[in-house]
Amino acid sequence: MTATVKEPQKEGSYKVDAIKEGVVIDHIPPKKALKVLEILGLAELDNVVIVGMNFSSKKMKMKDVVKIEKRVLTKDETDKISLIAPSASVSVIKDFKVVEKRHVEVPDEVKKVIQCPNPNCITQSNGVKSYFHIVKKTSPLQARCHYCEKIFDEKEFLF
Amino acid sequence: MNNNLFISLSVPLIFNMHFKDRDLISINDLSKEEILFLLDQAKKVEAFSHAKRFGLLQGKIMASLFFEPSTRTRLSFSSSMEGLGGRVIGFDDEKTTSVKKGESLFDTIKMVEQYADVIVMRHPRDGAARLAAEASSKPIINAGDGANQHPTQTLLDLFSILKTQGKLEGLNIAMVGDLKYGRTVHSLAMALSHFDCNLFFVAPPMLRMPKQYLDELRRKGMTVSEHEKMEDVLGKVDVLYMTRIQQERFPDPADYEKVKHVYRLTRKGLTNVKPNLKIMHPLPRINEISTLVDETPYAYYFQQAGNGIPVRQALILQIMGVQL
Ligand SMILES: [Zn+2]
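A. Region of the structure containing the coordination of the zinc ion. Residue and element names in this part refer to chain A. All of the protein donors around the zinc ion are Cys116 (SG), Cys121 (SG), Cys145 (SG) and Cys148 (SG); their distances to the metal are 2.3 to 2.4 Å. Geometry at the zinc ion is tetrahedral, judged from the 4 donor atoms that bind it and their angles of 102 to 118° at the metal. Written as a sequence motif, the donor arrangement for the zinc ion is C-x4-C-x23-C-x2-C. On the criterion of sequence distance, the pair formed by Cys121 in the loop between strand 7 (109-111) and strand 8 (131-136) and Cys145 in strand 9 (residues 142-145) is long-range, its members being 24 residues apart. Cys145 matches Cys121 in its accessibility class, with the two residues each being buried.

B. Structural detail: the sheet that holds strand 3 (residues 118-123) of chain B. Residue and element names in this part refer to chain B. Overall, parallel pairing links the 4 strands, which are arranged 2-1-3-4 in an open sheet. Looking at the sheet topology across the chains shown, the edges are occupied by strand 2 (87-91) and strand 4 (140-145). Along the sheet, successive strands turn relative to each other by an average axial angle of 15°, direction set aside. Bridging between strand 1 (residues 61-66) and strand 2 involves 5 bridges; their strand directions are parallel. Of the residues in strand 2, the one forming a bridge with Leu65 is Phe91.

C. Representation of the interface of chain A and chain B in the model. Taken together, the contact pairs 15 residues of chain A with 19 residues of chain B. Taken together, both faces of the contact between chain A and chain B bury some 1,300 Å²; the carbon and sulfur share is 41%. Summed over the three residues of chain A that lose the most area to chain B, namely A:Ile122, A:Tyr147 and A:Glu149, the buried surface amounts to 44% of that side. Counting the contacts that link chain A with chain B gives 2 salt bridges. Between B:Arg130 and A:Glu149 there is a salt bridge, with the nearest N and O atoms lying 3.3 Å from each other. Between the two partners, chain A and chain B, sit 11 residue pairs in polar contact (both at pLDDT 80 or more).

Definitions and cut-offs
- Residues numbered from 1 in each chain as written.
- Chains lettered and ligands numbered in written order.
- Predicted model: local features only at pLDDT ≥ 70, side-chain atom pairs only at ≥ 80, totals over all residues.
- Heavy atoms only, no water.
- Donors = N, O, S within 2.8 Å, 3.2 Å for Na, K, Ca; no water.
- Tetrahedral: all angles 85-135°; square planar, octahedral: opposite > 155°, others 65-115°.
- Helix = DSSP H or I, 4+ residues; strand = E, 2+ residues; numbered from the N terminus.
- Buried < 20%, exposed > 50% of the residue type's maximum accessible area, 1.4 Å probe, protein only.
- Pairing = 2+ DSSP bridges.
- Axes fitted to C-alpha atoms, helices over the stretch in contact; angles between N-to-C directions.
- Contact = heavy atoms within 4.5 Å.
- Buried area = accessible area lost by both parts, 1.4 Å probe.
- Salt bridge = Lys/Arg side-chain N within 4 Å of Asp/Glu carboxyl O.
- Polar contact = N/O pair within 3.5 Å; in protein donor to acceptor, adjacent residues only side chain to side chain.

So far we have only geometry, and geometry alone does not tell us how the molecule works.
In structure tokens:
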């Protein structure tokens, strides 16, 4: 079930403790919240997910926020969103309290996150899962396709 | 006329290299030591008599899966395997197989691995061999995946350079022609980055070596320079690696017309060259090397193709766990 928080709010004024157990992912670039959920594989699950889009933010002007109930996301899982939301912060909530807060980090490799832009790549057919090695972890990022071995700049990434 | 001198490698060789049951998908999967080891093994195989070679892989079967036609590569692999006493099964063109009927690459490999000890494959898509290797319990040798890799070509190019020049370090090597789309020159340049060579890239502006490779080579400390005219480098180089300019690579036929005859090596053009110069070419050529050049001592492209046999035999033997 997905509910959307419609009202734009001032930073900090929306309630992190609106969920009892789960994860809050904050500082997602605006309009990317649904993509973040898709990358995390949460779009198909039955957990309660609260999606906030286009909140005003001091740091980013606008941002998206997602809250996922009754689900703990490991660092490996949340690092998968670093390519689309490099400044995202992750808060793990237990009993309405933040028990862990972390930033996402660019991992060495990502699977099923970005699609290979090379039209002749084998991953364009055969139902092959995409697989990239991040060869440059500072902005702008660069990633090498595990299969066609081509290196792509961040601006070419296809989510 | 041929330079039969083959100076021993000056690096200490590690004889416990583990190639048994390994795939060879990309030249980038091999370390410098592994490359030198394979070249040394090729040199050993080359010294064996045909009779001795023929006893090495009796009863072994190689599957040769050519999802797109490539007569030269297929013949070289088949000849290599049969020369070792092994047998070859497979297909030359996917049109004649169930692959065209929609059978997935995965399913094809899962079937073929039941029949063969080693699988050689060529496929039009980039990355197909890597994917096949994930599916297969039998070792896969990539004989070309789209525009990506053709590692045995790179090994035989290195073997040809080593054999004719006696070393891989400190050479002046020019690559000429289509450096933008040319898979062989990309792989060869990257492989040469293990060795301290000067690379001269000669191409029309439209077909320059992609920045990705130039950056990577410079990052590895290589001396590389770019040129438009072959004449600018001819007098300096030990190896002239020519490539053909392929029409099918050009989205716009007008662009092809502009560059198709831009490089043409003639006998007359070879008057002021180094005596040890060798001209190489992955073949087939179109018209970039005049047939009159064939008779000069610099022409090496046919011997280069022949070097594919000991190189591929050495690789197959290593993968099958045969120590020489
Ligand atoms: Zn790819």
